[in-house]
Amino acid sequence: MKQRNSLRIAIIGGGPAGLTLARILWTRGVTATVFEQEASSDERPQGGTLDLHPESGQVAVKRAGLEAEFRALARYEDQGMRVMDKQGTLLIDNPEGMEEGERPEIDRVVLRRMLLDSLPEGMVRWGHKLRTLEAREDGSHALTFTNGRSECFDLVVGADGAWSKVRPLLSTAVPEYTGVTFVELGLDDVDSRHPEIARMVGNGSLFAMAEGRGLVAQRNGHGHIRVYAMLKVAEGWVEEGGIDFTNAGRVREGLLKLFSDWAPPLLALIRECGDRIVPRQIYALPVGHRWAHRQGLTLLGDAAHLMSPFGGQGANLAMLDASDLALALTEHEDWAAAVREHELVLCQRAEKAARGAAEGIADALAADAARGAFEHVSQRGKSSAEAQSRA
Ligand SMILES: Cc1cc2nc3c(=O)[nH]c(=O)nc-3n(C[C@H](O)[C@H](O)[C@H](O)COP(=O)(O)OP(=O)(O)OC[C@H]3O[C@@H](n4cnc5c(N)ncnc54)[C@H](O)[C@@H]3O)c2cc1C
């Protein structure tokens, strides 16, 4: 077996999992190569805001030696949490969030930039989309990319998200549609251009859910509010023209019809949103997804345990997985055994979170969803407190 210090490590995917792994390995003297399909760091907007939890995302940040950078970039002031019913009645108003100062928000693009800036030039190879992966007799794997390049590695880490190209070599599981589609909307310069919405959402997130529909509005950096209109619809709803996605005005019209019995202040989130509108079908791997260990390959983050965003755990777990794997690889002489043991911990931990996310989505789809959200939010507060008292 190849010695640990001469190990060639490929990380497929430059998301929170892949970049955290590369960073922590680098701080411990191990150089990996990250292959990312996107052409550059700003090829696509990275998505909304994330709250990093003390028992997972923040642990990874500490292990990455990036606490000071994170403190400077995170929005500690945006941890508020409101829950409304569809009439706009406020059921929960917690301006400090679950527990004060515990889950600071950071925009995904800012988190990615922080991690990228912490890596040496050239460690991330942009424009490398993995096409095939082939096992060789010596236990290594040959990777080929859609740009025609190919290379061999002793350990290939699939951190390539929901539709991982690495996962099929380890598992037959495929993500299943959860029954929920989000339509992502956004409002810019909210404090000056949409002051009533800014006041209604407050500093943090506003959840309003009822009868298989929901509006989730989250304050991001730079005065932006991202809104997810959440719908319980069939898998082909977007392609089959459930509402007309050919232009933003038609989408707004269609959504306003679907939410016609909701209170006007909540409908303003749809009526006043900008023209960048993106539908997202929400998929999840089966709860308890596992695979038989195979030397030279492993999975992290969404590639290993894609779950619905209702538990707010995906990116947090992705980073914790990555930091655990980095420690396992650098602290144990027998790297192959370390990877195998790490997979057991990762799958067990993910199963619990995935079950919570599946329950969260079921609550959100229930007739009395605002009440469900109330209970879910309270439960999240409790489990966070329990996790911390254990730490
Ligand atoms: C609407 C929504 C809201 C969410 N909110 C939260 C939240 O509040 N908190 C939270 O913790 N989580 C949240 N999540 C979940 C979170 O986004 C994911 O769990 C997280 O991004 C997983 O990180 P990852 O690095 O495993 O995968 P990804 O972030 O998907 O990164 C994978 C990377 O791999 C690259 N890639 C893919 N295929 C290839 C290939 N073949 N070759 C090379 N590169 C490839 C991609 O371009 C991407 O950069 C949310 C998800 C959604 C959809």
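The name given to the chain in an unreviewed UniProt entry is Flavin-dependent monooxygenase, and the organism recorded there is Archangium minus. The chain has a UniProt comment under Function (unreviewed entry) that states "An FAD-requiring monooxygenase active on some tetracycline antibiotic derivatives, which leads to their inactivation. Hydroxylates carbon 11a of tetracycline and some analogs." UniProt, in the comment section headed Catalytic activity (unreviewed entry), describes the chain in these words: "a tetracycline + NADPH + O2 + H(+) = an 11a-hydroxytetracycline + NADP(+) + H2O".

Caption draft 1: Representation of the pairing of strand β12 (residues 176–187) within the structure. Of all 12 residues in β12, 10 are buried; the element is thus mostly enclosed. By the bridge criterion, 6 bridges tie β12 to strand β16 (residues 278–284) in an arrangement that is antiparallel. Residue Val183 lies in a different strand from β16, and its bridge partner there is Pro279. Summarising the sheet, β12 and strand β15 (residues 225–232) pair through 8 bridges and their orientation is antiparallel. Note on β15: the bridge partner recorded for Leu187 is Ile225.

Caption draft 2: Layout of helix α7 (residues 248–258). What α7 keeps buried is the set Ala248, Val251, Arg252, Gly254 and Leu255. Buried residues along α7 cover an arc of 165 degrees about the axis, so they all sit on one side. Looking at α7, the residues exposed on the side facing more than 90 degrees away from the buried face are Glu253 and Lys257. Buried residues along α7 sit against β12, β15 and α8 (264–271). For α7, the capping residue at the N-terminal end is Asn247, with a side-chain oxygen 3.0 Å from the backbone nitrogen of Gly249.

Caption draft 3: Quick look at the site of the ligand. Near the ligand there are 32 residues, and of these Glu36, Arg108, Leu130, Asp302 and Ala315 occur at the shortest range. Leu130 has a polar backbone atom sitting 2.9 Å from a nitrogen atom of the ligand. One of the backbone N or O atoms of Ala315 is found 2.9 Å from an oxygen atom in the ligand. In isolation the ligand has 1000 Å² of accessible area, and contact with the protein removes 85% of it. If you list the elements that add at least two residues to the shell around the ligand, you get α1 (16–27), β3 (49–51), α4 (108–117), α9 (301–305) and α10 (314–331). The greatest single-element share of the shell around the ligand, amounting to 4 residues, is contributed by α10. A class-by-class count of the residues in the shell around the ligand yields 12 nonpolar, 12 polar and 8 charged.

What counts, and where the lines are drawn
- Residues numbered from 1 in each chain as written.
- Predicted model: local features only at pLDDT ≥ 70, side-chain atom pairs only at ≥ 80, totals over all residues.
- Heavy atoms only, no water.
- UniProt positions renumbered as here; feature names shortened; annotations may be inferred.
- Buried < 20%, exposed > 50% of the residue type's maximum accessible area, 1.4 Å probe, protein only.
- Helix = DSSP H or I, 4+ residues; strand = E, 2+ residues; numbered from the N terminus.
- Pairing = 2+ DSSP bridges.
- Arc of directions from axis to C-beta.
- Contact = heavy atoms within 4.5 Å.
- Polar contact = N/O pair within 3.5 Å; in protein donor to acceptor, adjacent residues only side chain to side chain.
- Near = heavy atom within 4 Å.
- Areas by Shrake-Rupley, 256 points an atom, 1.4 Å probe, with all protein chains shown as cover.
- Nonpolar A, V, L, I, M, F, W, Y, C, P; charged D, E, K, R; others polar.

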